Amino acid sequence: MKAFTQHRGLVGPMDRANVDTDMIIPKQFLKSIKRSGFGPNLFDELRYLDEGQPGKDCSDRPVNHSFPLNQDRYKGASVLLARKNFGCGSSREHAPWALEDYGFHVVIAPSYADIFYNNCFKNGLLPVILSEQQVDILFDELAAQEGYQLSIDLPTQTVTTDSGQVFSFELDKFRKECLLNGLDEIGLTLQDADQIKHYETERAAQHPWVFGVIK
Amino acid sequence: MTEETLYDKLWNAHLVKENDDGSSLLYIDRHVLHEVTSPQAFEGLRLAGRLPWRLDTNIATPDHNISTDKAERDAGVAGMVDEVSRIQVQTLDDNCDLYGIKEFKINEMGQGIVHVMGPELGVTMPGMTVVCGDSHTATHGALACLAHGIGTSEVEHVLATQCLVTKKMKNMRVTVNGALGTGVTPKDVVLAIIGKIGTAGGNGHAIEFAGSVFREMSIEGRMTVCNMAIEAGARVGMVAVDDKTIDYCRGRQFVPQGEMFDQAVGYWETLVSDANAVFDIEVDLVAESIAPQVTWGTSPEMVAAVTSFVPTLDEQPSEEKRKGLERALEYMGLEAGQAIESIAVDRVFIGSCTNSRIEDMRAAALIAKGRQVAGSVKQVLVVPGSQMVKAQAEAEGLDKIFMAAGMDWREPGCSMCLAMNADKLGSGEHCASTSNRNFEGRQGSGGRTHLMSPAMAAAAAIAGHITDVRAFSGVNS
């Protein structure tokens, strides 16, 4: 897993609530058996005017210029500013893969759907939760200022604006540790292999019908 | 001893270890795999030189990508027209063969949509933890399982360790008491719940559905309800064990028999919330107040009674809601204040992990019987959820009823619920759909989805527009 400590970057807006993972990466791109290459199709139906297909070259597709992330001022954005319940719907990890492949390192929103939130941490993408009021402030500043950047610091759990405002955010200790150190979660769990085996033995004795039936 | 909720009991029974950092290691009893969210997990396993922890926990089947067209299906994986999909299904077959994972292949009896297949084969049983790389895994909670969707990294984690690193959710109980009216189905109940608590209302919570409505409801109906817990933001939906649960499990392929079954039942009967267990959130609905439901917008919470109207801007409590409504109306091509029943439909889809079981097929057939699809409707797809549902429906002659009405009877799969195969809406087309998501583009780029029950979808097919199924003779009481 990729590590994350700090990031400073250009902010791009996604100004609507309940952005679902179908919107983040439409289903036709889920046919890939790879983890990479989803960036060009991030927000595909909003970004382009035609219907995208896997394997289709996106460089000559008609672009929807009214979609904010297509505007020059947001080119190269690496911090996505979003609204509440971001990432709802399907469990597809292709959503954080697409965000990360596009170049985003951080998402900031008032809330996230549970599965999406969890999936972000597996991919070195930091989902920051700020209050609705704080997100409103950031949207206002972003609209007013071209080249608007934010600094995000995971060890201190803060988002800092260039004018010096500091917003703190909460996250679970175990998620923070994994992200800071880029830990291999499977490797960590396998350190407890003896305990897992012990649990299994006890459970097989108590609930034998759970074991050995699928062959 | 503290009184426990059903979720507390399931959680505690699967706890391997609590870590100092607040996370826990939770043991997983059943892991269901399909072609779309597993290839990268198997690749990760291979790259790390790891093997699956246990084989008799995993079960796989292709469902998302496969064609529902008989001629294409008869040609098997090799005959799949979409090359990218063919490679993905072949990859699932190859991975299962390589590791020795039990798979019901594309045309094998047993194959079906993962959440139809698991319970009907008895792969999932009460009291189990069940995960799958699919957000509708909560379906299995109808059997009092702790079941939820996971991402692909977690699919790999479960394959390698049989555990998840996770954190306990909060408890939420949704109680619906009373008696449902004629023509009001489990789908209407869950849509009404989502309408009440919103699409993020259950975030961070495991929902237990309780009350007389769920006690009276069949297990298949409970699956429809638990299936859509995620549309209310909750990863987990559950119903406690009762006699119906035990009757449902008895005799299924992977369920033990004889003494071991009796032993299992002894445990299963404990899988109810204690009388004084405390829930973090309690929500109540009255059954008599629920009418057949239809979504008019682009989020499952944008839902209304079939007899009502598309909301207006001045009814909205906040600027955010007004913006959301405006955007949804523009996408859906609807007017504020328009009668729900005035919405014409171009296509109808009866299927998906929400509503493709035998009871759903029967409910749709009751409406279709002796009637004809309206001339203005381009296509009505009836897609059974599994090979077993298909065989049962055909044994009952339901396929003939659908075909006589002018509907297409298809091969099992996810189909137009998410339109990864050829079954999709054209831009601007309205669809009466028994699936679970009405997001923009979900059923095809530019497509406009209206979620409803199987009986309501069949009625819309006959009428050519959304209509109140209660006006049809033959509707289920």
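The following refers to the structure shown.

**A few points about the sheet that holds strand β7 (residues 146–149) of chain B**
All names here are of chain B. Strands sit in the order β5-β4-β3-β6-β7 across an open sheet of five strands; the sheet is parallel. Two strands close off the open sheet at either side, each with one partner strand: β5 (102–103) and β7. Sheet analysis places strand β4 (residues 58–60) next to β5, joined by two bridges and oriented parallel. Residue Ala-60 lies in a different strand from β5, and its bridge partner there is Glu-103.

**What to know about the pattern of salt bridges**
Residues and elements named next belong to chain B. A full pass over the atoms with the stated rule returns 45 salt bridges over all chains. The closest approach of N and O atoms between Lys-9 and Asp-274, which form a salt bridge, is 3.0 Å. Of this pair, Lys-9 sits in helix α1 (residues 6–13) while Asp-274 is found in the loop between α11 (258–268) and β12 (281–286), placing the two residues 265 residues apart along the sequence.

**A few points about the side chain of Arg-222 of chain B**
Within the element layout of this structure, Arg-222 of chain B appears in helix α9 (residues 219–227). Within polar-contact distance, the side chain of Arg-222 of chain B engages the backbone oxygen of Arg-215 of chain B at 3.3 Å.

**Points about the packing of aromatic side chains**
With the rule as written, the count across this model stands at 16 aromatic pairs over all chains. For the pair Tyr-102 of chain A and Phe-104 of chain A, a centre-to-centre distance of 5.0 Å together with 15° between the ring planes defines the contact as stacked. Owing to a relative accessible area of 23%, Tyr-102 of chain A belongs among the partly exposed residues under this scheme. Ring centres 6.5 Å apart and planes at 90° place the aromatic pair Trp-209 of chain A and Trp-268 of chain B in the edge-to-face group. Linking Trp-209 of chain A in the segment after α8 (193–206) with Trp-268 of chain B in helix α11, this pair reaches from one chain into another. Neither residue differs from the other here; Trp-209 of chain A and Trp-268 of chain B are each classed as buried. By way of ring pairs, the aromatic residues Phe-86, Tyr-112, Phe-116, Tyr-117 and Phe-121 of chain A are connected into one cluster. In this arrangement the basic side chain of Arg-83 of chain A is found over the ring face of Phe-139 of chain A, its NZ or CZ atom lying 3.9 Å from the centre. The ring of Phe-104 of chain B has Lys-102 of chain B sitting right over it, with the charged end atom 4.8 Å from the ring centre.

**Re the interface of chain A and chain B**
Contacts between the two partners involve 63 residues from chain A and, on the opposite side, 84 residues from chain B. Here chain A and chain B share an interface that buries about 6100 Å² over both sides, 56% of which is from carbon and sulfur atoms. Of all residues in chain A, Lys-31, Trp-209 and Ile-214 of chain A bury the most surface against chain B, accounting for 14% of the area lost on that side. There are eleven salt bridges connecting chain A and chain B. A salt bridge links Lys-167 of chain B to Asp-172 of chain A; the shortest N-O distance between them is 2.8 Å. Taken together, the links from chain A to chain B amount to 34 residue pairs in polar contact (both at pLDDT 80 or more).

Here is what the cut-offs are and how they apply
Residues numbered from 1 in each chain as written. Chains lettered and ligands numbered in written order. Predicted model: local features only at pLDDT ≥ 70, side-chain atom pairs only at ≥ 80, totals over all residues. Heavy atoms only, no water. Pairing = 2+ DSSP bridges. Helix = DSSP H or I, 4+ residues; strand = E, 2+ residues; numbered from the N terminus. Salt bridge = Lys/Arg side-chain N within 4 Å of Asp/Glu carboxyl O. Polar contact = N/O pair within 3.5 Å; in protein donor to acceptor, adjacent residues only side chain to side chain. Phe/Tyr/Trp six-rings, centres within 6.5 Å; stacked < 30°, edge-to-face > 60°. Buried < 20%, exposed > 50% of the residue type's maximum accessible area, 1.4 Å probe, protein only. Lys NZ or Arg CZ within 6 Å of the ring centre and 35° of its normal. Contact = heavy atoms within 4.5 Å. Buried area = accessible area lost by both parts, 1.4 Å probe.

Just distances and angles here, no functional claims.
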